[in-house]
Amino acid sequence: MMNKMILIFALLYLNCFYIKAKDYVIESQGKRILVKEHIYSEKDSFRIFKLEGTFKDNAGNFGEYNSIVNVKILNDVVESLEASNEFFYNKNTKAYNIAIRANNELKQGVGKWYFTYASKNMSAIINSECLYSIRYYKDSFLTLAKCDIPEKAFEQIKNIKQ
């Protein structure tokens, strides 16, 4: 009986520290622009791209999006990819995240975003992690991201559009 009581109190205690998370979904689309390319060989290169376009989210926001992408390609396979993404919301609100991608396909991929900076009115999103996918058609792109963010961050984001 005593063990059950301890277990119940332990679960209640831990539940007090549980932070509720909310799904935050962002879809972005636009154009990919090659900024610079170093061609090492027929199958090896280093490329810097800009992505420019718009985004919408499941909190009712619509805004502008841009990204700076560094890609190292070895033997026609993406060896490494890192990007810095910038989102412009209403009310001069901005958020930034770093993206990394693990797979090695050139025309599509799946990776992670990590929010690193945000305007004060949505600062609760900092340190949130997202899974994203990106697909290219010629020089157009479509990205879909699903983030687990604190409920406080989602409330802050919902208030931007008002």
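So, a few notes on the structure that sits alongside this text. (Residues numbered from 1 in each chain as written. Predicted model: local features only at pLDDT ≥ 70, side-chain atom pairs only at ≥ 80, totals over all residues. Heavy atoms only, no water.)

**Focus: the pairing of strand S5 (residues 94–101)**
Inclusion rule: We call a residue buried when its accessible area falls under 20% of the maximum for its residue type, exposed when it is over 50%, and partly exposed in between, using a 1.4 Å probe and counting protein chains only. Segments assigned H or I by DSSP are reported as helices when at least four residues long, segments assigned E as strands when at least two residues long, and all are numbered from the N terminus. A pair of strands is treated as paired once DSSP finds two or more bridges between them.
In S5, alternate side chains face the same way, and those of Ala-95, Asn-97, Ala-99 and Arg-101 are buried while those of Lys-94, Tyr-96, Ile-98 and Ile-100 on the opposite face are not. Two elements, strand S4 (residues 77–88) and S5, share seven bridges in a ladder whose sense is antiparallel. Paired with Asn-85 across the bridge in S5 is Asn-97. Between S4 and S5, which pair antiparallel and follow one another directly, the connecting turn spans five residues, one of which, Lys-91, has a positive phi of 55°.

**Remarks on the pattern of salt bridges**
Put simply, the rule reads: By convention in these notes, a salt bridge is any Lys or Arg side-chain nitrogen within 4 Å of a carboxyl oxygen on Asp or Glu.
On inspection of all chains with the given rule, the structure shows seven salt bridges. In this structure, Glu-52 and Lys-50 form a salt bridge, with 3.5 Å as the shortest nitrogen-oxygen distance. The partner of Glu-129 in a salt bridge is Lys-112, with the nearest N and O atoms 3.5 Å apart. Taken together, the residues Glu-129 in strand S7 (residues 129–137) and Lys-112 in strand S6 (residues 108–118) connect sequence positions 17 residues apart. Taking the relative accessible area as the measure of exposure, Glu-129 reaches 35% and is therefore partly exposed. Of the residues examined, Lys-112 reaches a relative accessible area of 31% and is grouped as partly exposed.

**Digging into the environment of Val-78**
Mapped onto the elements of the fold, Val-78 is located in strand S4. Assessed through its relative accessible area of 5%, Val-78 is described here as buried. Each C-alpha atom of the pair Val-78 and Arg-101 lies 9.0 Å from the other, and the pair is 23 residues apart in sequence.

**So, the nonpolar core**
Note the threshold: For this analysis, a nonpolar core means a set of buried residues of the types Ala, Val, Leu, Ile, Met, Phe, Trp, Tyr and Cys, connected via side-chain atoms within 4.5 Å. It only takes one pair of heavy atoms within 4.5 Å for two residues to be counted as in contact.
Formed by 34 residues in total, the largest nonpolar core has its most connected members in Tyr-24, Tyr-89, Trp-113, Ile-125, Ile-149 and Ile-157. In this view, Tyr-89 contacts Tyr-24, Phe-55, Asp-57, Asn-61, Ala-95, Met-122, Ile-157 and Ile-160; residues no more than four positions away in its chain are not counted.

**Remarks on unusual backbone geometry**
A positive phi angle, close to 55°, is found at Lys-91, a residue other than glycine. Position of Lys-91 among the secondary structure elements: in the loop between S4 and S5. The phi dihedral of Lys-138 is positive, around 55°, even though this residue is not glycine. Within the fold, Lys-138 resides in the loop between S7 and strand S8 (140–150).

**Digging into the side chain of Asn-97**
The test is simple: As used in this structure description, the phrase polar contact means that two N or O atoms lie within 3.5 Å; if the pair is within protein, one of them must be able to donate a hydrogen and the other to accept it, and residues adjacent in sequence are counted only when both atoms belong to side chains.
Within the secondary structure layout, Asn-97 lies in strand S5. According to the relative accessible area criterion, Asn-97 is buried, its value standing at 0%. A distance of 2.7 Å separates polar atoms of two side chains, one belonging to Asn-97 and the other to Asn-85. Discounting residues that sit within four places of it in the chain, Asn-97 has contacts with Ala-83, Ser-84, Asn-85, Phe-87, Trp-113, Tyr-114, Phe-115 and Thr-116.

**Concerning the environment of Ile-68**
Structurally, the position occupied by Ile-68 is in strand S3 (residues 62–74). Distance in space between the C-alpha atoms of Ile-68 and Ile-33 is 9.8 Å, their sequence separation being 35 residues. Once you skip the residues sitting within four places of it in the chain, Ile-68 turns out to touch Ile-48, Phe-49, Glu-82, Ala-83 and Ser-84.

**What to know about the environment of Lys-72**
Mapped onto the elements of the fold, Lys-72 is located in strand S3. Look at Lys-72 and you get partly exposed, because its relative accessible area is 34%. Sequence spacing of Lys-72 and Glu-37 is 35 residues, and the spatial spacing of their C-alpha atoms is 10.0 Å.

**Comments concerning the packing of aromatic side chains**
Heads up, the rule is: Any two rings among Phe, Tyr and Trp, with Trp reduced to its six-membered ring, count as a pair given centres within 6.5 Å; such a pair is stacked if its planes are under 30 degrees apart, edge-to-face if over 60, and tilted if neither.
A complete count under the given rule lists eight aromatic pairs for this structure. Judged by centre distance (5.0 Å) and plane angle (55°), the rings of Tyr-65 and Phe-87 are tilted. Here Phe-87 lies in strand S4 and Tyr-65 lies in strand S3, a separation of 22 residues in the sequence. Judged by relative accessible area, Tyr-65 falls into the buried class, the value being 4%. Residue Phe-87 is classed as buried on the basis of its relative accessible area, which comes to 0%.

So, to be careful, I would describe these as geometric facts and stop short of saying anything about function.
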